[in-house]
Amino acid sequence: MKQSIARIALVVDDYDKAIEFYTKKLDFLLVEDTPLEGDKRWVTVTPPGDGQCTLVLAKADNEAQESRIGNQTGGRVFLFLYTDDFWRDYYAMVERGVKFVREPEKMPYGMVAVFKDLYGNLWDLLEPAS
């Protein structure tokens, strides 16, 4: 059996604002932006690289969903962005205004720092140890 995670839904408050953050600040690629019924859209972005997993930028459409924007995991790191060059990406993200909340640290599993996305979700930027 072969399985994989293909998409992860990320609740956002505005499609265009989210697209701008992920494509301009994190250098992700806009994979799809397809209009659906009403003001809904199917929006997916992916980091440059293999594109095996995409984020679905899902606009909140009720109070329960809106309450989860920026805190889908109760304050824990939510997503892990792997890189082949930690310092290249770290410095580029800092230059673009991405807010790091934990400074770079060498860990047994690799070089890591924690940053916040547009909404406050926590991410690890991680170059795995070889």
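Above this text is the structure in question.
The structure contained in this document is the topic of the report that follows. (Residues numbered from 1 in each chain as written. Predicted model: local features only at pLDDT ≥ 70, side-chain atom pairs only at ≥ 80, totals over all residues. Heavy atoms only, no water.)

## Points about the packing of aromatic side chains
A complete count under the given rule lists 12 aromatic pairs for this structure. A ring pair is formed by W87 and Y90, whose centres lie 5.6 Å apart and whose planes are at 85°; its orientation type is edge-to-face. With W87 and Y90 both in helix α3 (residues 86–95) and 3 residues apart, the pair spans about one turn of that helix. The partly exposed category is assigned to W87, whose relative accessible area is 37%. Through a chain of ring-to-ring contacts, three or more aromatic side chains come together here, namely F21, Y22, F28, F86, W87, Y90, Y91, F100, F115 and W123. (Phe/Tyr/Trp six-rings, centres within 6.5 Å; stacked < 30°, edge-to-face > 60°. Helix = DSSP H or I, 4+ residues; strand = E, 2+ residues; numbered from the N terminus. Buried < 20%, exposed > 50% of the residue type's maximum accessible area, 1.4 Å probe, protein only.)

## With respect to the pairing of strand β3 (residues 41–46)
With 6 bridges joining them, strand β2 (residues 29–35) and β3 adopt antiparallel strand pairing. Counterpart to E32 in the pairing with β3 is T44. With 2 bridges joining them, β3 and strand β4 (residues 54–59) adopt antiparallel strand pairing. Residue pairing across strands places T44 opposite V56, the latter belonging to β4. (Pairing = 2+ DSSP bridges.)

## Thoughts on the sheet that holds β2
Strand order in the open sheet made by the 4 strands is β1-β4-β3-β2, with mixed pairing throughout. Only two strands of the sheet have a single partner each, and these edge strands are β1 (7–12) and β2. Looking at each pair of strands side by side, their axes are set apart by 25° on average, direction ignored. In this sheet, β4 lies alongside β1 in parallel orientation, the contact comprising 6 bridges. Along β4, the bridge assignment pairs I8 with L55. (Axes fitted to C-alpha atoms, helices over the stretch in contact; angles between N-to-C directions.)

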